[in-house]
Amino acid sequence: METTKQVVNQRKTWTTRLDAKKKRMDSVKHLVDGMLIPTEHIVDAMEKLIRPGDRVVLEGNNQKQASFLSEALAQTNPKNLFDLHMIISSISRPEHLDLFERGIAKKVDFSYAGPQSLRMAQMLEDKQLTMGEIHTYIELYGRLFIDLIPSVALVAADKADRDGNLYTGPNTEETPTLVEAAAFRDGIVIVQVNELTDELPRVDIPGSWIDYIVVADKSYQLEPLFTRDPRHITDIQILQAMMVIRGIYEKHQVQSLNHGIGYNTAAIELLLPTYAESLGLKGKICRHWALNPHPTLIPAIESGWIDSVHCFGGEVGMENYIAARRDVFFTGRDGSLRSNRTLSQMAGQYAVDLFIGSTLQMDLDGNSSTVTRGRLAGYGGAPNMGHNPGGRRHSTPAWLNMMTSEDPLARGKKLVVQVVETFQAGNKPVFVESLDAIDVKKDSALATAPVMIYGDDVTHVVTEEGIAYLYKADSMEKRREAIAAVAGVTPVGLRHDSKKTDDLRREGLVALPEDLHILRADAKRSLLAAKNVEEIVEWSDGLYEPPVKFRSW
Amino acid sequence: MKLAFLFPGQGSQKPALLNDLSTCTAVENVLETATASLNESVFNFHSKESLASTKAVQLSLLTAGVATFKAFEMEGVTPDFVAGHSVGAFSAAVAAGVIEFKDALKIVKLRGELMEQAYPEGYGMGVVLGIERNKLQSLIADHFDAKYPVYMANQNAPDQLTISGALPGIQEVIDDAREKGARSSSMLNVRTPSHCPLLASVSHDLTEALHDITIHRPVIPYAGNRKARLLYDPIDIRLDLAESVSSAVQWHDASTVLYEKGARLFIEMPPGTVLSRLAAKAFPDARVLSVEESGFDDCQFVAMRERLK
C-alpha cells in the first residue's frame, strides 16, 4: 500500500496538456489580438502553436475545405515544423499531400482520398508518407476521442464574433466533432472564417470551445458535389430505378433510407412523383432520409412524398429552398440548414432501413470495391452505411422483412443494395473473378484489402438484367448463382446456365423486369419528374439556385 | 486556376508544321538558334519527305514546342507545370529551364539517329483501344516469343495502350486483342520499337551524352515520363530523359498528377491535338485547349484570364 502511494505522490501534475497549451499560447501573444490571429500572421502563428510530431486534425469534408489553413500550413518551414501526424477525413486538395512532399507531415490517417488517389499511391510507394489506417467517416471520428486525440484542430466556419462563437450555416458538416475532440482535451482549436461580425445569425459552436480565429483571405472551398443533372440519366438507369421502386422499396416497405450520389439513384428520386405515384406508393415508402440536399429530391418534396431529411453537409444553391421548406429539413432559428456529418452518418448506419449505392467492381460472392490499381482512394461513408449494424435492436417493417428463418432468436437486417450496370465505361466488366482491391492491398502493403461493401452485407444486387435477392440465399452456391444470373454477358455472367435462371425466379431469388410487371419499353426519360436542371428550378418555384456550371439557360 | 503546358511527341507531326507557328521575335529567335546549332536550316526537317525520318520529326517537334513556349513566355504566360510525351519531354525540360535549347537539339538529334539505327527493319509499334493494362499484359505474356519480342509500351489513357517490338509479334497480339474484346487494335506508322527494353542501348548512349551537358534546377515542376512523378531534382529529370526511350511512358498518370496538383487549364503546344484530346477525356471538368485548334491568341487570352481567378 505504502509503495503505491509513493508512486502516486511522485506525479507532480495532472495538467501537463493544459500547461503545454498555455505555453504555446503565450509564445504567440505578440502576434495575436486576443482570439484573433491577423491574416498575415497565420504562418508564423502556426509555427509556434503547432509543434513537431503533433497530431493535427485538418477539416476536409467532401464539400467544405479549410482551404486557407491548409495552404498556410503548407507554407510553414519544414525546419521548424516536421513529422506532423495528419488526420484528414477527405484528402482533396493538392496541399494536403504537399505537406508530406515538403517534409512538414509524416503520417496520415484518413477516410477518403479520391481527388488525390494517384499521388497517395505514389507517395506511399516512395515512402514520402507513412500510412496510418483507412477508415469510414464514423470510425475516424470515433478514434478522435480514443487513440487519435488531436493536439490541434484546424477547421472552417462561415462567420465568427469577437468571442469566438461560430456560425457554420448550412455547412456545419464535421466541424463540431473535430472541435470537440481537441477543445476538451486541451488541444488548440484554430478556425478560419470568411467574415468577422458583431452579430451571428445563430451560434453553431460556442466560443468557449475555440482558441483562435483568423479571417481567411478567400472564402473556404465549397464544391457542389451532390448535384446531378437529370439530362445525363439514361433509359437503362430509369429501368433500374423502376425495378428498385417495385422490387425493393415497395416489396419490403422501405420507409427510411440513404441514397448514393450516382445518376441511378438520382433517377429513383425523380421517379417518385411520377412512376411510384402511379403505383399508389406515396406515404408508404421513402418518407425519411439521411442524405445531402440533392436537388433531384425537390420534385418529390414538392409532391409531398418526403417527411424528413437529415443532411451530412449542405449543397451549393439549395440554401434558400431549404430555408423555405423547414418542415422537411433540419434548420436553425435563422432559417438555414443545420447539417452534421457525424450524426447523419450515424443515423445512416443505425436508423435507416436501406442503403443503396453503386460500385465499379463486384466479385462472385458480392464483395464490391471502387478501387483501381495504382490508386489509393479510401472509403468515405459508403461502408459505414452499407453494412448491417449488428448492434441494431429496433425493428421496422423492412428490417423484419429480411428475416428468413423461424428461429425464435431470428432478427432482421438492414437492406444493402448495390445497383450497377454489368459493364462500366470503356468496356470494363463490373462482375469480375477477383477484385483489384486484392492487388492494391499487395501493392500498397495494406493490412486488409480495401473492400467497399462486403458480400455478406449485400441483400440485393440490381443490374439492367434484373434483381438478385441475395438475402434469401441459404448457401454460398445459391448466392453465387443469383449474382451470376444478373451479371449479363460479363465473364461471370457467361458461365451461368440460363436454364437455372427460371429455377431462381421460381424460388424468388431472382426477378426479371417482367416478373415485376415492368416493360423495358416503358423505361423512358419522359418518366422523369424533371429532365434537366431548369425543370428542377421550376419545381422549386425559383428557390433553388444552381451553380453556373449547371445552368444551360 | 493552375496551368499546365503539354508538349506532344512523335505521331503529332505534319508537313510544314513550323510554318504554322505564331510570328513573333521569340519564335524567330528559336528558329534561328535551331538553324545555327544544327548547321543547316531547321526548315529542312519539316517537309513531307523529311518527316519520313525519325530524327527530322523529333527535331521539328522539339523546335515547335520550345518556340511556342517562348512565345507564351514573351506574352507573360508561364505555366505552373510542364509535361511532354516522349520527345516532347525534351521541350518540357527546356521550358522548365533544366536544359538549354541548344543542348536539347544536340541530344534529340542523337536520339533520333540512334533510334533509326537500332532496328532498321522489322520492328515498330501497335495501339490497342478498349482493354485495360492487366489484360493486355497477360495477352502479351501469352504470345511472347523471343524471336519476335513484344512489350507493353505507353499508357496514354486507361484504355489506350501501345505495344512495341517485332512486327510479327505485334500483329499476333493485335489480332488476339481484337478477339478478346478490344474496341480496336492496329499497327502504328512507326518504324522503331520505342519505349520498350529493345532500345536499352539508346538509353545508354543518351545517358552518356546527357552527362556532357549542363543541367539546372527546374523553375517549373516537370512531370516525368517513366514513373509519372513530378520531378524537382535535375538529376532525376536527366535520368527520365535518357531512360524514357526504352521505358513505357505513363502519360495518363503523368497528366493525372498535374490534375491532382491543381491544374485545371491544360494547353497543348503545337503541332496537333493528341494530348489535349486525351486530357479532355480524362478530366471532364478541366479546361483543355490546343494551340493547333484554338490558335495562339485565344490560348493566350484564356490563360491570362484564368490565371486571374
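For the structure itself, look to the data block above.
Because the structure is predicted, anything quoted here is derived from the model rather than measured.

This part takes up the overall build of chain B. From N to C terminus, chain B includes 12 helices and 10 strands. Expected size for 309 residues packed as a compact globule is a radius of gyration near 19 Å; at 18 Å, chain B falls within 12% of this value. C-alpha extents for chain B along the principal axes are approximately 55 × 45 × 35 Å. Evaluated residue by residue, chain B yields a buried proportion of 53% over its 309 residues. Across chain B, the fraction of contacts at a sequence separation of at least 24, relative to all contacts at a separation of at least 6, is 75%.

Scanning chain A from terminus to terminus reveals 20 helices and 22 strands. Rg of the C-alpha trace for chain A: 25 Å, near the compact-globule value of 24 Å for 553 residues, within the 12% margin. With the C-alpha coordinates aligned to their principal axes, the bounding extent of chain A is approximately 80 × 60 × 50 Å. In chain A, the share of contacts with a sequence separation of at least 24, taken over all contacts with a separation of at least 6, comes to 74%.

Residue and element names in this part refer to chain B. Buried residues dominate helix α9 (residues 251-260), accounting for 10 of its 10 residues. Every buried residue of α9 is accounted for by Trp251, His252, Asp253, Ala254, Ser255, Thr256, Val257, Leu258, Tyr259 and Glu260. Two residues or fewer past α9, Gly262 is found with a positive phi of approximately 110 degrees.

Residue pairs three or four apart in sequence face the same way in an α-helix, which turns once every 3.6 residues. Summarising burial for helix α4 (residues 67-74) of chain A: 7 of the 8 residues are buried, a large majority. Taken residue by residue, α4(A) has Ser67(A), Phe68(A), Leu69(A), Ser70(A), Ala72(A), Leu73(A) and Ala74(A) as its buried positions.

Residue and element names in this part refer to chain A. The strand order β13-β12-β11-β14-β17-β20-β21-β22 describes an open sheet built from 8 strands, whose pairing is mixed. Of all strands in the sheet, those with a lone pairing partner are β13 (308-310) and β22 (510-511), marking the two edges. Where strand β21 (residues 467-469) and β22 come together, 2 bridges link them in antiparallel fashion. Along β22, the bridge assignment pairs Ile467 with Ala511. Strand contacts of helix α9 (residues 235-252): β14 (354-357), β17 (415-419), β20 (460-462), β21 and β22, with the helix running at about 170 degrees to β17, the strand carrying the most contacts.

Time to look at the pairing of β17(A). Residues and elements named next belong to chain A. The buried count for β17 comes to 5 of 5 residues, which makes it a mostly enclosed element. Burial along β17 is two-sided: Leu415, Val417 and Val419 and Val416 and Gln418, pointing in opposite directions, are all buried. Two strands pair when backbone bridges link them, and β14 and β17 are joined in this way by 4 bridges, in the parallel orientation. In the sheet register, Gly357 faces β17, and the bridge partner there is Gln418.

With that settled, consider the interface of chain B and chain A. Opposite the 13 residues of chain B that make contact, chain A presents 9 residues. Its residues assigned to classes, the side of chain B that touches chain A shows 2 nonpolar, 4 polar and 7 charged.

Residues and elements named next belong to chain B. Interhelical geometry of helix α4 (residues 101-118) versus helix α7 (residues 200-211) gives an angle of 160 degrees and a closest axis separation of 10 Å. Between α4 and α7, the interaxial angle falls into the category roughly antiparallel. Read as a crossing pair, α4 and α7 show a hand that is right-handed. Counting all contacts with α4, which are made through Ile107, Leu110, Arg111, Leu114, Met115 and Ala118, the residues of α7 involved are Ser201, Val202, Asp205, Leu206, Ala209 and Leu210. For the contact of α4 with α7, the class distribution of residues is 9 nonpolar, 1 polar and 2 charged.

Each neighbour pair has its own omega, and for Pro270(B) with Pro271(B) the value is 0 degrees, a cis peptide bond. Residue placement: Pro271(B) occurs in the loop between β9 (263-268) and α10 (274-282). In the Ramachandran plot, Asp186(A) falls in the positive-phi region, its phi being about 60 degrees despite a non-glycine side chain. Checked against the element boundaries, Asp186(A) lands in the loop between α8 (175-183) and β8 (188-196). Positive phi is not limited to glycine here, since Ala445(A) has a value of about 50 degrees. If you trace the backbone, Ala445(A) turns up in the loop between α16 (436-444) and β20.

A word on the pairing of strand β5 (residues 160-166) of chain B. All names here are of chain B. By the criterion of burial, β5 is predominantly enclosed, with 6 of the 7 residues buried. Where strand β3 (residues 123-129) meets β5, 7 bridges bridge the pair, whose relative direction is antiparallel. Bridged to Gly124 within β5 is Gly165. Pairing between strand β4 (residues 150-157) and β5: 5 bridges, direction antiparallel. Following the sheet pairing, Val150 is matched in β5 by Gly165. Between β4 and β5, which pair antiparallel in sequence order, lie 2 residues.

Within the fold, Pro94(A) resides in helix α5 (residues 94-101). Counting along the chain gives 25 residues from Pro94(A) to Arg119(A), while the straight-line C-alpha distance between them is 9.1 Å. Not counting residues within four places of it along the chain, the set of residues in contact with Pro94(A) comprises Glu260(B), Lys261(B) and Gly262(B).

Residues and elements named next belong to chain B. Running from amino to carboxyl end, helix α5 (residues 133-143) crosses helix α6 (residues 167-179) at an angle of 130 degrees, the nearest separation of the two axes being 10 Å. It follows that α5 is oblique to α6 by the angle criterion. Every pair of crossing elements has a handedness; the one defined by α5 and α6 is right-handed. Across the interface between the two elements, Leu136, Leu139, Ile140 and His143 of α5 pack against Gly169, Glu172, Val173, Asp176 and Ala177 of α6. Tallied by class, residues from the contact of α5 with α6 come to 5 nonpolar, 2 polar and 2 charged.

Turning next to the nonpolar core. Residues Val191(A), Leu271(A), Ala468(A), Ala93(B) and Ile163(B) are the most contacted members of the largest nonpolar core, which totals 265 residues. A total of 11 residues in this core trace back to one element, the largest contributor, which is helix α2 (residues 54-74) of chain B. Excluding anything up to four places from it in sequence, Ala468(A) contacts His460(A), Val461(A), Ala482(A), Ile483(A), Ala485(A), Val486(A), Leu509(A) and Val510(A).

Before going further, it helps to examine the sheet that holds strand β10 (residues 287-290) of chain B. All names here are of chain B. With respect to topology, 6 strands assemble into an open sheet ordered β8-β7-β2-β1-β9-β10, the strand pairing being mixed. One side of each edge strand has no neighbouring strand; the edge strands of this open sheet are β8 (230-231) and β10. Two strands pair when backbone bridges link them, and strand β7 (residues 222-223) and β8 are joined in this way by 2 bridges, in the antiparallel orientation. Bridge pairing in β8 links Ala223 to Leu230.

Rules used throughout
Residues numbered from 1 in each chain as written. Chains lettered and ligands numbered in written order. Predicted model: local features only at pLDDT ≥ 70, side-chain atom pairs only at ≥ 80, totals over all residues. Helix = DSSP H or I, 4+ residues; strand = E, 2+ residues; numbered from the N terminus. Rg over C-alpha atoms; globule rule 2.2 N^0.38 Å. Buried ≥ 20, exposed ≤ 12 C-beta atoms within 10 Å, placed from the backbone. Contact = placed C-beta atoms within 7 Å. Pairing = 2+ DSSP bridges. Axes fitted to C-alpha atoms, helices over the stretch in contact; angles between N-to-C directions. Nonpolar A, V, L, I, M, F, W, Y, C, P; charged D, E, K, R; others polar. Parallel < 35°, antiparallel > 145°, perpendicular 65-115°, else oblique. Left-handed = near helix turned anticlockwise from the far one by under 90°. Core = buried A, V, L, I, M, F, W, Y, C linked by C-beta atoms within 7 Å.

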